[in-house]
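# Structural characterization, general
This is what each chain is made of:
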Amino acid sequence: MSGVKAWEISDSEDSEAETKPDSNRDDSSQIATPRGCIAPPSGAAGGHASALRPPATDPRGTPSPARKRRSKEEAEADRRAAAERKEARERQKETRAQEKEERRREQRARKEAAENVRRLRPENLLRCLQVGVDPALLQHGGSDILLDTLAAFEWRFTIESQQLPHSVTWTRRSPQGTDGSVEEEQVALVLVLNDFVDMVICVKKMLDSGGEETGTGSFLSPVLEYLNRDDKKLVTVLVTHSPADYRTGACGGYLLDETLRSKSGLENLEVEEVLVYLQLCKNISLVFLDGWQEVTNHVCAVTKALSKRPFKLLTERAELPFCADGAWAGGARVERDGSGLIQVWSRQIQQLNRVSPAVASTVTAAYQSPQLLMQAYQSVESEEDRKGLLAGLLVRSGGKERRVGPEISARVYHCFTAQNPQLVLD
């Protein structure tokens, strides 16, 4: 016990001893935190917790402004808007369906048009043409050239009696094979020179007798009867002859006129009169050929032309092939309300030679329709005043001014008042 000093404990020290455990607890709470970190005070911790906690609902149960109850008018307006949106969607759906159906129809139409063009091509129509040869032609020497050529081209031909003896006809079978066959209007009548001379003599007698058809005993009678049954037929007479019939002289020239005159006993003028009557009055064409080789060439040429004709008609149907492209060829569009008629009236005047658009605009501005111009012509008494009615009109073009002039005025006057269709305006 030596060396130990005794301390007196006063009342103040007792109070410190009582408060020391609390401070020790506070220190222990600070020590319990991780190293390097100081624990926040209890008041601060409570503030952070309250910040993370969701806001308390109103104990009275009042709804938030976003969930406010709508009025009947607003609900009705919303229903109408929804109905309108639904109708718009239905209309849009129907429009899309109609456009889709229209595209399908256009595709079918284009496909049918392409198929039609393919069927009408000459190489395909050649397979549908059939050449009919009358059996009487087989008695002619050299007719085998025609048959061999048709067989070499692999064209369809038949040897059967025709309505017109000694003729060659063409029949077109439908490409679909369902509409039967159509007989072409072209007919080729093959005659030797002697038979043709007999026809010429009969025609001359008929003309001398005042038009009475007296072709008995010649080829004229069946030809006229055939044309009377079907006036749409186009008969071409192919006159064949041997070289001894028409080839004379040292130069080897063709003396067909002399041969006809010598065999028929007619003068050149009379023979020409007969040929003109056959061509103009009976629509009979005449072709003089040298033997059956040229007859074969003629038949082949007609066959190829008939195979090309439907395709040409189809391609030329859409637009005029001779009309060049350009703004001037498009014409002026006229609406239902009449707008555009003044442009048509101006284009009509521009058709005259050396009439510029400026001159035409000046005339149409003064007289806005052809009827007004005609009335102006009728109101003028003298012919000279009518011709010069438009001469004094002022034309403005490119910053310059000039008059229409008496020449253009007279041409416009003659264009609208002349009674002679052969009158040359310029």
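Structure shown above.
Residues numbered from 1 in each chain as written. Predicted model: local features only at pLDDT ≥ 70, side-chain atom pairs only at ≥ 80, totals over all residues. Heavy atoms only, no water.

Of the regular secondary structure elements, the chain holds 16 helices and eight strands. Residue burial in the chain is summarised as follows: out of 426 residues, 27% are buried. For the chain, the share of sequence-separated contacts (at least 6 apart) that also reach a separation of at least 24 residues comes to 62%. Here the chain displays about 29,700 Å² of accessible surface, and carbon together with sulfur accounts for 51% of that area. (Helix = DSSP H or I, 4+ residues; strand = E, 2+ residues; numbered from the N terminus. Buried < 20%, exposed > 50% of the residue type's maximum accessible area, 1.4 Å probe, protein only. Contact = heavy atoms within 4.5 Å. Areas by Shrake-Rupley, 256 points an atom, 1.4 Å probe, with all protein chains shown as cover.)

Another point: the pairing of strand β8 (residues 400-403). Here strand β7 (residues 394-397) runs beside β8; their pairing, made up of four bridges, is antiparallel. The residue bridging Val 395 from the neighbouring strand is Arg 402, located in β8. If you look at the hairpin formed by β7 and β8, you'll find two residues sitting between the two strands, and Gly 398 has a positive phi there, around 65°. (Pairing = 2+ DSSP bridges.)

Our focus in this paragraph is a nonpolar patch on the surface. Where nonpolar side chains cluster on the molecular surface, the patch consists of Val 334, Leu 341 and Val 344 and spans about 230 Å² of accessible area. Relative to the assigned elements, Val 344 resides in helix α12 (residues 341-350). (Patch = residues over 30% accessible without salt bridge, like charges linked within 9 Å, V, L, I, M, F, W, Y side chains within 5 Å. Salt bridge = Lys/Arg side-chain N within 4 Å of Asp/Glu carboxyl O.)

Turning our attention to the sheet that holds strand β2 (residues 156-159). A sheet is described by the order of its strands in space; here six strands give the open sequence β2-β1-β3-β4-β5-β6, paired in mixed fashion. The open sheet has two edge strands, β2 and β6 (284-289), and neither has a second partner. Adjacent strand axes in the sheet meet at a mean angle of 25°, parallel and antiparallel pairs treated alike. Pairing geometry for strand β3 (residues 167-173) and strand β4 (residues 181-192), over six bridges, is antiparallel. Residue pairing across strands places Ser 167 opposite Leu 189, the latter belonging to β4. (Axes fitted to C-alpha atoms, helices over the stretch in contact; angles between N-to-C directions.)

This part is about the pattern of salt bridges. Taken as a whole and judged by the stated rule, the model has 14 salt bridges. Its salt-bridge partner being Arg 309, residue Glu 185 comes within 2.7 Å of it at the nearest N-O pair. Of this pair, Glu 185 sits in strand β4 while Arg 309 sits in helix α11 (residues 291-315), placing them 124 residues apart in sequence. Overall, Glu 185 belongs to the partly exposed group, its relative accessible area being 25%. The closest approach of N and O atoms between Arg 396 and Glu 401, which form a salt bridge, is 3.1 Å. For the pair shown, Arg 396 and Glu 401 are each scored as exposed.

Both strand β1 (residues 129-133) and β3 contribute to a ladder of five bridges, which runs antiparallel. Along β3, the bridge assignment pairs Val 131 with Trp 170.

What follows deals with the nonpolar core. In this structure, Val 203 and Val 237 are the most contacted members of the largest nonpolar core, which totals 29 residues. Counting residues per element, the ones that place at least two in this core are β4, α6 (193-208), α7 (220-229), β5 (234-240), α10 (268-280) and β6. A per-element tally of this core places α6 first, with eight residues. Excluding residues that lie within four positions of it along the chain, Val 203 makes contacts with Leu 220, Val 274, Tyr 277 and Leu 278. Within the second largest apolar cluster, 20 residues are counted, among which are Val 133, Ala 188, Cys 300 and Val 302. (Core = buried A, V, L, I, M, F, W, Y, C linked by side-chain atoms within 4.5 Å.)

With that settled, the discussion passes to α6. Over its 16 residues, α6 extends 23 Å from the first C-alpha to the last, a length consistent with the 22 Å expected when each residue adds 1.5 Å. All of the buried residues in α6 are Leu 193, Phe 196, Val 197, Met 199, Val 200, Cys 202, Val 203, Lys 204 and Met 206. Positive backbone phi, approximately 90°, marks Gly 210, located one or two places after α6. (Expected span 1.5 Å × (residues − 1).)

With respect to the helices, strands and loops of the structure, Leu 150 is situated in helix α5 (residues 143-152). In this structure the C-alpha to C-alpha distance between Leu 150 and Cys 300, which are 150 residues apart in sequence, comes to 8.0 Å.

Below, the discussion takes up unusual backbone geometry. Positive phi, normally seen in glycine, also occurs at Glu 154, with a value near 60°. Residue Glu 154 is classed as exposed on the basis of its relative accessible area of 72%. Phi at Asn 283 takes a positive value of approximately 55°, unusual for a residue other than glycine. You can see Asn 283 is positioned in the loop between α10 and β6.

Attention shifts here to the packing of aromatic side chains. Applying the stated criterion to the full structure yields four aromatic pairs. Taking 4.7 Å as the distance between ring centres and 25° as the angle between the ring planes, the aromatic pair formed by Phe 153 and Trp 155 counts as stacked. The buried category is assigned to Trp 155, whose relative accessible area is 11%. When the ring of Tyr 377 is compared with that of Tyr 413, the centres are 5.0 Å apart and the planes differ by 75°; the resulting orientation is edge-to-face. (Phe/Tyr/Trp six-rings, centres within 6.5 Å; stacked < 30°, edge-to-face > 60°.)

Attention now moves to the packing of α6 against α7. Following both chains from N to C, one finds α6 and α7 inclined at 70°, their axes separated by 9 Å at the closest point. Looking at the two axes, α6 sits roughly perpendicular to α7. Of the residues in α7, those in contact with Met 199, Cys 202, Val 203 and Met 206 of α6 are Leu 220, Val 223 and Leu 224. Looking at the contact of α6 with α7, its residues break down into seven nonpolar, no polar and no charged. (Parallel < 35°, antiparallel > 145°, perpendicular 65-115°, else oblique. Nonpolar A, V, L, I, M, F, W, Y, C, P; charged D, E, K, R; others polar.)

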